[in-house]
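Take a look at the letters that make up each chain.
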Amino acid sequence: MGYYDDFDTKPKKNKGNLGTWIAVSLVSALIGSATTVALVPMMINSNVIETKSAFADSNNTNGGSKETINVDVQTGVVEAVNKVKPAVVGVLNLQKSRDFFGRSQDEQTAGTGSGILFDDKGHIITNNHVVEGADTVEVSLQDGKRIKAKVLGADAMTDLAVLEVDPNDVKGLTPAKFGNSESLNIGEPAIAIGNPLGLKFAQSVTVGVISATKREMPIYDEKGSEVFSQNVLQTDAAINPGNSGGALVNIKGELIGINSAKISSTGVEGIGFAIPINEAQPILQQLMEKGEIVRPVMGITPVALSEVPEGYRGKVPVEQGIYVYQVHENAKKAGLAAGDVIVKIDGEATEDPIQLRKILYKKKPGDKVKVEFYHDSELKTVEMTLAKP
């Protein structure tokens, strides 16, 4: 193995020539350096080597032009942040504590989240879970001023809420401008602004990209059963507790999402989610107008066909659909019966109750829908009117 083997790290050959080798190397290096020092100026003067300075030389005697380099730190990200940052506020959930006898005590901060001013009437978007259970809600502005806020409406299913403050208290703030979450491209910049870990880190900015669009986020009821599946944007911009309800904006400084959740499992990093602004807007409008979201019903008790034993399916020639376990007045009028299997609503496939809700929750009570279903082996189509719960 050359001069060495696996057991002896000392040179085995040419021991007496080591000093000579070092001396020759040093002499060669010195000769090479001296030659370089002598030749480089000659090469420069002969224009063999061209040099440019990054600084203006006030003593330039060769008549060369002066060169100045300007560095512009005003990037697109900075411009986007400056547009929307003043509209991002802190949201404080204040709750009264109780003593041993159940008597009400002073209000204390039960949690802190974020919100976004989105019009000049004092309306602020946040998450439902940020204000849920609050006795009083306060909003903290960019300058640290705290003002009272009223919860106009909240919806646990979409985790959205709308607050209202006195317009005079936010008169000097420019509301966030809505973007288009349907036109997003995977890999484009995404900027999150909010209050991670509370007001101490108010209006923190993190930057990443749109990792994915149209991810499915399961929504669970109080019993822990999945009842709905919501579309969300995925981003690797850091989202931490307290960022909930804050802004996700594009490089234009337009609001494209409401930061809502992250995966915080051990070993998982950079997976956060935001509610797309296009899906949030109609919810916000209803919350401002009615204070709640009234979702339509068909008037059936649905069960996934795959969960029904074959002996109870009759002659239905499909493997997926909504088995009508019970039929109520509204559906009975339309011609549905217990044991029928719904396969499509307005042309969209209905494979399980979650998919059914996704279709229905795009509509409102009073809307008419076309229902395709099997009655035994016969495929039928009826039109029915969706009802209120």
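Residues numbered from 1 in each chain as written. Predicted model: local features only at pLDDT ≥ 70, side-chain atom pairs only at ≥ 80, totals over all residues. Heavy atoms only, no water.

Novice: Break down the side chain of asparagine 243 for me, with residues and values.
Specialist: Checked against the element boundaries, asparagine 243 lands in the loop between strand 9 (226-235) and strand 10 (247-249). According to the relative accessible area criterion, asparagine 243 is buried, its value standing at 3%. Filtering out sequence-adjacent residues up to four positions away, asparagine 243 remains in contact with Ser114, Ile193, Gly194, Asn195, Pro196, Ala238 and Asn259. (Helix = DSSP H or I, 4+ residues; strand = E, 2+ residues; numbered from the N terminus. Buried < 20%, exposed > 50% of the residue type's maximum accessible area, 1.4 Å probe, protein only. Contact = heavy atoms within 4.5 Å.)

Novice: Outline the pattern of salt bridges, listing residues and values.
Specialist: When their charged atoms lie close together, side chains carrying opposite charge are able to pair. Summed over all chains, the structure comprises 10 salt bridges. The salt bridge involving aspartate 169 is made with lysine 145; its shortest N-O contact spans 3.7 Å. Of this pair, aspartate 169 sits in the loop between strand 6 (160-164) and strand 7 (189-194) while lysine 145 is found in the loop between strand 4 (136-140) and strand 5 (146-155), placing the two residues 24 residues apart along the sequence. According to the relative accessible area criterion, aspartate 169 is partly exposed, its value standing at 28%. A salt bridge links lysine 214 to glutamate 182, with the shortest nitrogen-to-oxygen separation between them at 3.4 Å. Note that lysine 214 is positioned in strand 8 (residues 204-220) and glutamate 182 in the loop between strand 6 and strand 7, a separation of 32 residues in sequence. The exposed category is assigned to lysine 214, whose relative accessible area is 54%. Taken together, the shared-partner salt bridges connect Glu138, Arg146 and Lys148 into one network. (Salt bridge = Lys/Arg side-chain N within 4 Å of Asp/Glu carboxyl O.)

Novice: Report on the pairing of strand 17 (residues 368-375), specifying residues and quantitative values.
Specialist: Sheet faces and side chains relate simply in a regular strand, where the side chains alternate between the two faces. With 4 bridges joining them, strand 15 (residues 341-345) and strand 17 adopt antiparallel strand pairing. Residue pairing across strands places isoleucine 345 opposite valine 371, the latter belonging to strand 17. Both strand 17 and strand 18 (residues 378-385) contribute to a ladder of 8 bridges, which runs antiparallel. Among the inter-strand pairings, histidine 375 is bridged to a residue of strand 18, identified as glutamate 378. Count of turn residues in the strand 17/strand 18 antiparallel hairpin: 2 residues, of which aspartate 376 carries a positive phi of about 60 degrees. (Pairing = 2+ DSSP bridges.)

Novice: Quick rundown of the sheet that holds strand 8? Include the residues and the values.
Specialist: An order of 7-8-9-12-11-10 is seen for the 6 strands of this closed barrel, with the pairing classed as antiparallel. Across this sheet, the average inter-strand angle for adjacent strands is 50 degrees, counted without regard to direction. In the sheet, strand 11 (residues 255-262) pairs with strand 12 (residues 272-276) via 5 bridges, with the strands oriented antiparallel. Opposite asparagine 259, over in strand 12, you have alanine 274 as the bridge partner. Its contacts with the sheet put helix 2 (residues 76-84) on strand 7, strand 8 and strand 10, and the angle it makes with strand 7 is roughly 40 degrees. Lying on the sheet, helix 4 (residues 277-290) is in contact with strand 9, strand 11 and strand 12; it crosses strand 12 at an angle near 50 degrees. (Axes fitted to C-alpha atoms, helices over the stretch in contact; angles between N-to-C directions.)

Novice: So what about the nonpolar core? Which residues, and what values?
Specialist: The biggest cluster of nonpolar side chains holds 40 residues, and the ones touching the most others in it are Val139, Leu163, Leu255 and Ile258. Of all the elements, helix 4 adds the most residues to this core, at 5 residues. The residues contacting leucine 163, other than those within four sequence positions of it, are Val91, Gly122, His123, Ile124, Thr126, Val131, Val137, Val139, Ala149, Lys150, Val151 and Leu152. (Core = buried A, V, L, I, M, F, W, Y, C linked by side-chain atoms within 4.5 Å.)

Novice: Any chance you could break down the environment of alanine 274 for me, citing the residues and the numbers?
Specialist: With respect to the secondary-structure elements, alanine 274 resides in strand 12. Filtering out sequence-adjacent residues up to four positions away, alanine 274 remains in contact with Val232, Leu233, Leu248, Gly257, Ile258, Asn259 and Ser260.

Novice: Describe the side chain of glutamate 188, with residues and values.
Specialist: Structurally, glutamate 188 is set in the loop between strand 6 and strand 7. Once residues within four sequence positions are removed from consideration, glutamate 188 is found in contact with Ser183, Gly208, Val209, Ile210 and Asn250.

Novice: Provide a residue-level description of the environment of lysine 85, including the pertinent values.
Specialist: Of note, lysine 85 is situated in the loop between helix 2 and strand 1 (88-98). Exposure remark for lysine 85: the relative accessible area of 25% places this residue in the partly exposed category. Between the alpha carbons of lysine 85 and leucine 173 there is a distance of 9.8 Å; along the sequence they are 88 residues apart. The contact partners of lysine 85, leaving out residues within four places of it in the chain, are Gln142, Ile193 and Gln203.

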